[in-house]
Each structure stands twice: as C-alpha cells, then as structure tokens.
Amino acid sequence: MTVQVLRGGTIVDQAGERRGDVAIDDGVIIEVAESIEPPLGSEVFDASDAYVLPGLVDLHTHVREPGREEAETIETAARGAALGGYTAIVAMASTTPTMDSPSIVRDVLAIAEGAPCEVVPSAALTVGRNGELLTPMGELAAMGVRIFSDAGRGVQDPALMWRIMEYATGLEAITGGQPIVLAQHCEVEALSAAGHMHEGEWSNRLGMAGQPIEAETLMMMRDITLARRTGARLHFQHISCAESVELVRQAKAEGLQITAEATPHHLTLTHAECASYDPVFKVNPPLRSDDDVAALRAGLADGTIDAIATCHAPHEPHTKEFPFDQAPPGMLGLESAVAVALTELDLPITSIAGLLSWQPAAIAGIDDRHGRPIAAGEPANVCVIDPNETWTVRGTEMASRSHNSPWEGRELRGRVRHTILQGEFVVTQGEATR
Amino acid sequence: MKDLLTIDQLGADGINEIMKAADSFAEVCQRPVPKVPALRGRTVASMFFEDSTRTRTSFETAARRLSADTLNFSAASSSVNKGESLRDTVETIEAMGVDAIIVRHRSSGAPQQIAKWASASVINAGDGWHAHPTQALLDVYTIRQEGRSFEGLRIAIVGDIRHSRVARSNIEAFSALGAEVTVVAPPTLLPPHVDALGAKVSHDIDAVLAETDVLYLLRMQRERMDQALVPSLGEYHRAFGLTPNRASRLADNALIMHPGPMNRGVEISPEVTDDPRVRVLNQVTNGVIVRMAVLYLVLSSAAAERSAS
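Residues numbered from 1 in each chain as written. Chains lettered and ligands numbered in written order. Predicted model: local features only at pLDDT ≥ 70, side-chain atom pairs only at ≥ 80, totals over all residues.

Examining the sheet that holds strand β3 (residues 100-105) of chain B
All names here are of chain B.
Moving on, step 1. Across the sheet, four strands lie side by side as β2-β1-β3-β4; this open sheet has parallel pairing. For this open sheet the edge positions go to β2 (69-73) and β4 (121-127), each flanked by a neighbour on one side alone. The sheet shows a mean angle of 15° between the axes of neighbouring strands, direction not considered.
Moving on, step 2. Judged from the five bridges that link them, strand β1 (residues 43-48) and β3 form a sheet pairing that is parallel. When the sheet's bridge partners are listed, Val-44 is paired in β3 with Ala-100. (Pairing = 2+ DSSP bridges. Helix = DSSP H or I, 4+ residues; strand = E, 2+ residues; numbered from the N terminus. Axes fitted to C-alpha atoms, helices over the stretch in contact; angles between N-to-C directions.)

Structural data, given as structure tokens:
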C-alpha cells in the first residue's frame, strides 16, 4: 500500500503533547518522528497548525436505524461521526425493533459494514427497553457486546436492576475478564415524566412542567447502593446536575467501579435557552442551571467525569415544529462535539482528547483498537483537528438526515481536517471521502 | 406591537396605552349600535387548540364590533389530532389570508412559536400554564374602573398558582403598575422556585384578608385532586375558600374578582357570589372592551409597519 504521511502536526495522546510527523501504511502507524522524510511515492497530508489525536470515540449515539431511517441511518450517523473526528461510535439500543437480541445486533453490524466509522453495538438491558425482562445478556456478551443500556430510559424497578447487576457480574467468564458495563439513563420517571424542561426558575416563568434534579439523583443513589452490594460495573450516562457530579465523586472515592459521561450540551447550555420555546432545546435530561454547568465542568477538570459523550439524537425537522411539550427530546452532537469542547471548555488539549478518545474507548471495551497512543505499531485510527479554524454550525449542511443542532448559527472554533479509519482517509480536508 | 404574547413585553407604558384605547372603545360599547368600522375588511381568525367558549366569544364579539371578518378554526377537533405539526396548521390558516390569529393552546409557548412562523399578528388567548395577557389587561381595566390607583394596592391571588396562566400574567401586570401582590396557596399549588414570580407568598388566607384591597380567586380544577396536590375539594374550601365569615373580614371597599367560570362551593361559597364587592360580570363586560383595544392596536401597528417597509 501507499505510505501516507501526516506532516507538521502536534501529536496529542496519553503521553502528552509533542511535535511530530506520522507515517501510516496498511492500516497501521509505521513511524512517528519529529520529522519524517516522505518515502518516494507516498502521499503527504498537511497537519500543520493542527492536532493529531487518536480517533474520537462516542459512547452514546442514537443511530435510529433500524426503525427511524427518515431521521438518521447508520451510514449518515457514521459519516457525521467521521466528520466530527470519531473513528468509533457506540450505537444505542433505542431502535425499532430494539437492539435486545443477537439477531438485531447482527443486522446492525451487517448494515454498518463499510461505514466511515466503526459502529459498536450496545444492547438493551431489558427486552424492548420495557423494564420488565432481562435481555439474553450472555449471548449478547458472547457476540462481543460490552455495553448494555436501555438508552433513553432508566430501569425503574429496583428489584430488576439488582438482578441485572448480579447477572452481569457473572458474565466475565464469557468475556474473558472484560467487564460488562451497565450504562444507566438515570431518571425516576414518576418524578419527571410529566415535565419537559429543568424544574427551576425558567420552568416557572415559562409555565412549563419541570423535571426535578431529584429524578436523576434518586436513581443514581439507588444504583450506587446496589453497585456497592453487587460489585457491578456501572456507567452513568449524560449526568446533568451538580449533585450528580458529587455522587460520582463520592462513589469513586469509595472505590466503586463507576464511570460517568457528560454531553457537550449539558456542559455549555442552560435552561435559559428554553425561553425561545424552540423544541430544538428540548432534551432529556434537560438543560439545567449555570451552577450545574459549572459543576459538570469542575467534574471534567478533576477527573470525576470520564468521558464527553454526545447523546446524538436526530429528529426529523417537522417533529421539532410541534409545541415544546409535544416535541421529542434530543439534539445532534457528533459533528460539533470536539468544536464545542475546544470553543467552550477551558481544558488542556490532552484532557479534551482523553475525554473524547481513550477514556470512552476504555469504557466501551474497544481500547485494543481505538484511543491508542500515536506510536509505531498501533492501528491507524486517527483524527487531525485544526484548533483555530472557525466555522458556523448549519444543521442543513451536516451529514445527518436531521438538523436539530442546538448550536445552529453559532460560530465554533476547531475543525476536523482529516479522519483516518484503519489507515483509510474517510475525511480529507474536512470533506467526507467514504 | 405586531403580536401580543405576554404582559412582560408591554411594561407599564404598554398596559396604559391599551387602557387608554379601551376607554374610547368603552364609549363605543355604550352606543345603541355598538360598532365602528375600524377594522373593516380585516380578517381575524380564532384558533382554539383548547376549548374555551367564553374567551373565544369575547374575542369574536370584540372583532365584530370593530367590523372585522371573523373566522373560527376550532383546532381542538381538527387536523391537529391527525398528527399535523403546529407549523403546518398555522401555515394552512395563514394561506387563507388572515390579518390576525387569536391563539388558545394547552401547550405553553405555542403562541410564541406561531408568531415566529406567521406574518399575521398573533394574540395570545391563553397558553398552558404560561400566560393569558388579555385576562390580565381586563382585570387591570376592571380595577382601574373603580378609580383605584395601583401604586401600593394590595392584591391577593388565591388558589392554584402553580398551574395558572392567569396568575402569572396578573402578577406581571399588577406588579408592573406598582401593586403589592401576595399569592396564597398550599405549598403544593405554588410553583417550585416561587421567588421567580416576584410576589409575596402566604399559605394562610386568614392572615392576609384584613390587608387586602383586591381578593383575586382562581378556579380550582378537579383534576388536581388526582395528583395528590390537595386532599379534597372540601379541605381546600375550608382552608382557602371565600366563605361568608372570611368575606366579612374583607374591607367594605375591597374588590372580589375571579376569571370564571366559578366553582361555587370550592373557591367561593355560593352565598358570597352575590356580595356587592364581587366584580365578576364587570370583568366579562370589560373583556370585550379590552380585546377591542388589543385587536385595534395590534392590527393598526402591523399595518403601519407594513406600509413603512
């Protein structure tokens, strides 16, 4: 194969930040050095003034296929992901039919074959995400599924959650010791189901039924208590409030095997956005207060929060043209996540890269091939990001079939220049090439 | 003012401008033929996504007294139930050629969304728990009609504040004009973060009666019992209802108001509804007058903006 050389970039990985050229051949990084003289016949790609990172990994993508292909397909989600610098996305089980059986997981893998980003299927915790019966977790684990989540719904019944946790701890015999990660959407529906936005001064002013923070924290407290008892490996999805960050901080201090993610939107936007009544700002969990945003950012900075995950949730445009309380919750995230992080978060690039790449890769159990160091012999899953290029978010210009970006019209800093999946340039100079 | 969506957008000056216009339309309503050609040739559509015969009739009466053509789109029983988006419904109505749309919707914020999509003027006739600006304006007009100044006027709003668009708009209007507003309700019927309302809070109607110039009672909805917000209508009546005993402790020149329809025996005892201090029917009469003023101001300013551009 032709050798490809990324020239003039700044490498960012677990070892830190340094100047370096990267040579790739046949899907593998073959050389990393301060300066590489491109061999005859090689292709050279410009990485000057840009970061060269391990490809990003999203723990939380609603791909919508099968079932709602008018909103998104696996292909369009994967293309958007590649444009956003991702080389792997974990597909949520919120499909129709639900990804709750080996046959549907196989279908998803078959559809995802050849996509411009690796699509890693998760599977539901309960059949149909109905919170009643366990999915065949053992068979699914044997197929390679490592993350289980009822995506968009929390398991309401504490007895069932307890059984799930117990059962999951026994599956390491199948996985060869790799942990089964139970990813929970923490929401006590009895407290939140009637609500449409954060319960706070804005919901009061806007006359909207609210979703109190207790809907999230009560389920977290329950699951932490059950994790203490069972030893299950828990991951809290899209935590949204200050109290949740503190719960994770304490659980980690106690030594429990618990991780947590936060979304770009919960890290940057607040419930004040809902004053427009534009359902593009409706999301679950809801956008919360300034104090919550500050606490989430502190949680990123001190390592309490392990990953930035998008909760990419496409919805066709007309569904967001209903009244706020009737519109579905969810926002696009894949194509803007790294730019939002670079624009809004005051964190060193190594932290941002960890939160978007190797930390989520480890949680997803794909750290044998994603989120690897930029070093000779490693698989060439890489992205090149220009941290200074600015661009304006336009939903209609995105690869997604849907346009529901909460950053519509905003200027962001940081643009993905190249994305390399197993040695192939799937994004070149900002354009999708697969 | 292309649209009237909330009281907040008006401020004291905007409220007073509407009051001034209402005074002149009050005179029109006294005439043997209570009709002026102010809006002849203009079409006013009422889109009620939630039934409300009283409010719709009041708006349509106001529109007809201004000689506007009226069109009634009863959305509660139409295509909206067939999964049509709000935007599609609005664009359909607008395509028929209307100058103003009067919107009632059970979803908070729907009129604001419609105003964004429609080039016609939008008047909010009540949205969810959010706002009911013309109710607040007719209430201001009713209090003003008594020759009372709002500066320092003590107004107590009693009842289900949490779920009330009337409470939210009236607090905004009364406060903007300088009144001291107290909301009176059990904690379960107050919104979380009640401070954001900008009113004083009490859980004890008996403690506020003697210092109240205007007692404003809200309608208590039966469905609140199912949500365990109050144990029973009987307990609510005993704790917060305007009984003859409580009425006797109100000042002689106090006013008793209610947006209607009244639940006799719940927020007000049947024998108190005939008390001379009750202004409920004045509120209804003034509703037409104030809505004439709103329609006139909104449509004449929209026309002025059009000819300017």
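Comments concerning the interface of chain B and chain A
Moving on, step 1. In this assembly, 21 residues from chain B lie in contact with 17 residues from chain A.
Moving on, step 2. With three residues, helix α4 (residues 110-117) of chain B is the largest single contributor of residues to the side of chain B that touches chain A.
Moving on, step 3. Of the residues assigned to the side of chain B that touches chain A, the class counts are eight nonpolar, ten polar and three charged. (Contact = placed C-beta atoms within 7 Å. Nonpolar A, V, L, I, M, F, W, Y, C, P; charged D, E, K, R; others polar.)

A few points about helix α2 (residues 53-65) of chain B
All names here are of chain B.
Moving on, step 1. Spanning 13 residues, α2 covers 18 Å between terminal C-alpha atoms, matching the ideal 18 Å at 1.5 Å per step.
Moving on, step 2. Turning to α2, its buried residues are Thr-55, Ser-58, Phe-59, Ala-62, Ala-63 and Arg-65.
Moving on, step 3. On its buried side, α2 packs onto α1 (11-30), β1, β2, β3, β4 and α11 (280-308).
Moving on, step 4. Where α2 terminates, the next one or two residues include Ser-67, which has phi positive at roughly 70°. (Expected span 1.5 Å × (residues − 1). Buried ≥ 20, exposed ≤ 12 C-beta atoms within 10 Å, placed from the backbone.)

Side note on the domain arrangement of chain A
All names here are of chain A.
Moving on, step 1. According to the domain assignment, chain A contains domain 1 (4-51 + 378-432) and domain 2 (55-364).
Moving on, step 2. The C-alpha centroid of domain 2 is placed 26 Å from the C-alpha centroid of domain 1.
Moving on, step 3. Taken residue by residue, the interface counts 33 residues in domain 1 and 41 residues in domain 2.
Moving on, step 4. Of all the secondary structure elements, the ones that give two or more residues to the side of domain 1 that touches domain 2 are β2 (16-25), β16 (382-392), β17 (411-421) and β18 (424-428). (Domains from an automatic or database assignment.)

Considering the environment of A:Arg410
Residue and element names in this part refer to chain A.
Moving on, step 1. By the secondary structure assignment, Arg-410 is in the loop between β16 and β17.
Moving on, step 2. Separated by 16 residues in sequence, Arg-410 and Arg-394 place their C-alpha atoms 8.3 Å apart.
Moving on, step 3. Beyond its immediate chain neighbours, meaning those up to four positions away, Arg-410 contacts Thr-392 and Val-393.

Comments concerning the domain arrangement of chain B
Residue and element names in this part refer to chain B.
Moving on, step 1. Under the domain assignment used here, chain B contains domain 1 (11-132 + 287-308) and domain 2 (147-278).
Moving on, step 2. When each unit is reduced to the centre of its C-alpha atoms, the spacing between domain 1 and domain 2 is 28 Å.
Moving on, step 3. Looking at which element gives the most residues to the side of domain 1 that touches domain 2, the answer is α1, with three residues.
Moving on, step 4. The class makeup of the residues in the side of domain 1 that touches domain 2 is four nonpolar, five polar and two charged.

Points about the nonpolar core
Moving on, step 1. Ranked by size, the top nonpolar core spans 229 residues in total, and within it A:Val52, B:Ile157 and B:Leu295 carry the most contacts.
Moving on, step 2. Tallying contributions element by element places α11(B) first for this core, with ten residues. (Core = buried A, V, L, I, M, F, W, Y, C linked by C-beta atoms within 7 Å.)

Notes on the sheet that holds strand β6 (residues 56-61) of chain A
Residues and elements named next belong to chain A.
Moving on, step 1. On the basis of which strands lie adjacent, the open sheet formed by three strands has the order β6-β7-β8 and parallel pairing. Bordering the open sheet on either side are β6 and β8 (118-121), each of which pairs with just one other strand. The mean angle between the axes of side-by-side strands here comes to 20°, regardless of whether they run parallel or antiparallel.
Moving on, step 2. Bridge count between strand β7 (residues 86-91) and β8: four bridges; the pairing is parallel.

With respect to the environment of A:His196
Moving on, step 1. For A:His196, the location among the structural elements is in the loop between α6 (189-192) and β11 (197-198).
Moving on, step 2. In contact with A:His196, not counting residues within four places along its chain, are A:Met208, A:Ala209, A:Lys282, A:Phe324 and A:Asp325.

Some remarks on helix α3 (residues 86-95) of chain B
Residue and element names in this part refer to chain B.
Moving on, step 1. For α3, the complete set of buried residues consists of Leu-86, Thr-89 and Val-90. Buried positions in α3, seen along its axis, are confined to an arc of 95° and lie on one side of it.
Moving on, step 2. Along its buried surface, α3 packs onto α4.
Moving on, step 3. Where α3 terminates, the next one or two residues include Gly-97, which has phi positive at roughly 90°. (Arc of directions from axis to C-beta.)

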